[in-house]
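Working through the structure, step by step
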Amino acid sequence: SQQGEEDPQALSIQEGENATMNCSYKTSINNLQWYRQNSGRGLVHLILIRSNEREKHSGRLRVTLDTSKKSSSLLITASRAADTASYFCATDGSNTGKLIFGQGTTLQVKP
Amino acid sequence: GAVVSQHPSRVICKSGTSVKIECRSLDFQATTMFWYRQFPKQSLMLMATSNEGSKATYEQGVEKDKFLINHASLTLSTLTVTSAHPEDSSFYICSARVSGNPWEQFFGPGTRLTVL
């Protein structure tokens, strides 16, 4: 069952703008990960944030985690047309590698 | 980075036939692989966990006799959709976890199954 909810479900922005996606989950976690999926393709791992971390950066990506609110956000700065994709958060609550995915946010970046 | 391949990438079959999908870790050993399915414009749903040399663990609601999983080696897991029906049409994605590292796993490119 899906435990993550993401909002917005769809986001359309202009190139150069920032994009923020949010993810909420229901159970306790060991880590939370963000993935990107281009249409009809596999998943690309973007970033992993552990439950004892609050913020993490990777290039133009910034992820925050608030375990008290059971939520995370992904910020993509200075977006590019190539960032157009679906973004999913996934939680791992048992260190078994079993990931529970959120519903995803479809991002469209217009050139 | 680690690479996971899936074969075939697309398959079209007639209702009632069985289809086998392969998932391979190309440059690392994976004691654990996972199988997901994804319906159009939806998220990924975990179907089962495949452990090398042992029986797969299926998620609730997934029929183990319908979706046969075999993990015969440290680099190969197969998913066989038996007696496929149109409602089995979906995008099937595998992932492989690096042995000894619970945090990191790599996803295959997916297999698009269409059952006529």
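Quick note: structure is the one above.
All figures in this text were calculated on a predicted structure; none of them were measured in a lab.

So, on to the overall build of chain A. Helix and strand counts for chain A come out as 0 helices and 11 strands. Overall, chain A shows an N-to-C arrangement of helices and strands of β-β-β-β-β-β-β-β-β-β-β. Relative to the 2.2 N^0.38 estimate, which gives 13 Å for 111 residues, the radius of gyration of chain A is 13 Å and therefore close to what a compact globule would have. Burial statistics for chain A: of 111 residues in total, 43% are counted as buried. Sequence separation of 24 or more characterises 54% of the internal contacts of chain A that already satisfy a separation of 6 or more. Per element, the accessible surface of chain A, about 5300 Å² overall, is 44% carbon and sulfur. Separation between the mean location of the 13 positive side-chain charges and that of the 10 negative ones in chain A comes to 4 Å.

Moving on: the nonpolar core. With 25 residues, the main nonpolar core has V4, W35, F67, L79, Y92 and L113 of chain B as its most contacted residues. Of all the secondary structure elements, the ones that give two or more residues to this core are β2 (10-13), β3 (19-25), β4 (32-38), β5 (44-51), β7 (67-73), β8 (76-81), β9 (90-97) and β11 (111-115) of chain B. The contact partners of V4 of chain B, leaving out residues within four places of it in the chain, are C23, R24, F28, C94, A96, F106, F107, G108 and P109 of chain B. Counting residues in hydrophobic clusters, the runner-up holds 21 residues, among them C23, I76, A85 and C89 of chain A.

Once that is clear, we can look at the side chain of T64 of chain A. Residues and elements named next belong to chain A. As for its placement among the helices and strands, T64 is situated in strand β7 (residues 61-66). Engagement of the side chain of T64 in a polar contact is seen with the side chain of S73, the distance being 2.5 Å. In this structure T64 touches I49, R54, E55, S71, S72 and S73, once residues within four positions along its chain are discounted.

Right, let's get into the sheet that holds strand β6 (residues 55-58) of chain A. All names here are of chain A. Strand order in this open sheet of 5 strands is β1-β3-β8-β7-β6, and the pairing throughout is antiparallel. Edge positions in the sheet fall to β1 (5-7) and β6, since each has one partner strand and no second. The average undirected angle you get between the axes of adjacent strands in this sheet is 15 degrees. Direction of pairing for β7 relative to strand β8 (residues 71-76): antiparallel, over a ladder of 6 bridges.

Let us now look at the environment of T20 of chain A. All names here are of chain A. Position of T20 among the secondary structure elements: in strand β3 (residues 19-24). As for T20 and T105, which are separated by 85 residues in sequence, their C-alpha atoms are 9.8 Å apart. Sequence-distant contacts of T20, that is, excluding residues within four places in its chain, are made with P8, L11, L74 and L75.

Considering all chains together, one arrives at 6 salt bridges over all chains under this definition. With its nearest N and O atoms 2.9 Å apart, the salt bridge here joins K98 of chain A to E59 of chain B. Taken as a pair, K98 of chain A in the loop between β9 (85-92) and β10 (100-101) and E59 of chain B in the loop between β6 (57-58) and β7 lie in two separate chains rather than in one. Between K66 of chain B and D88 of chain B there is a salt bridge, with its nearest N and O atoms 2.7 Å apart. Of this pair, K66 of chain B sits in the loop between β6 and β7 while D88 of chain B sits in the loop between β8 and β9, and the two are 22 residues apart along the sequence. Exposure class is identical for K66 of chain B and D88 of chain B. Each is buried.

Calculation rules
Residues numbered from 1 in each chain as written. Chains lettered and ligands numbered in written order. Predicted model: local features only at pLDDT ≥ 70, side-chain atom pairs only at ≥ 80, totals over all residues. Heavy atoms only, no water. Helix = DSSP H or I, 4+ residues; strand = E, 2+ residues; numbered from the N terminus. Rg over C-alpha atoms; globule rule 2.2 N^0.38 Å. Buried < 20%, exposed > 50% of the residue type's maximum accessible area, 1.4 Å probe, protein only. Contact = heavy atoms within 4.5 Å. Areas by Shrake-Rupley, 256 points an atom, 1.4 Å probe, with all protein chains shown as cover. Lys, Arg positive; Asp, Glu negative; His and termini not counted. Charge placed at Lys NZ, Arg CZ, Asp CG, Glu CD. Core = buried A, V, L, I, M, F, W, Y, C linked by side-chain atoms within 4.5 Å. Polar contact = N/O pair within 3.5 Å; in protein donor to acceptor, adjacent residues only side chain to side chain. Pairing = 2+ DSSP bridges. Axes fitted to C-alpha atoms, helices over the stretch in contact; angles between N-to-C directions. Salt bridge = Lys/Arg side-chain N within 4 Å of Asp/Glu carboxyl O.

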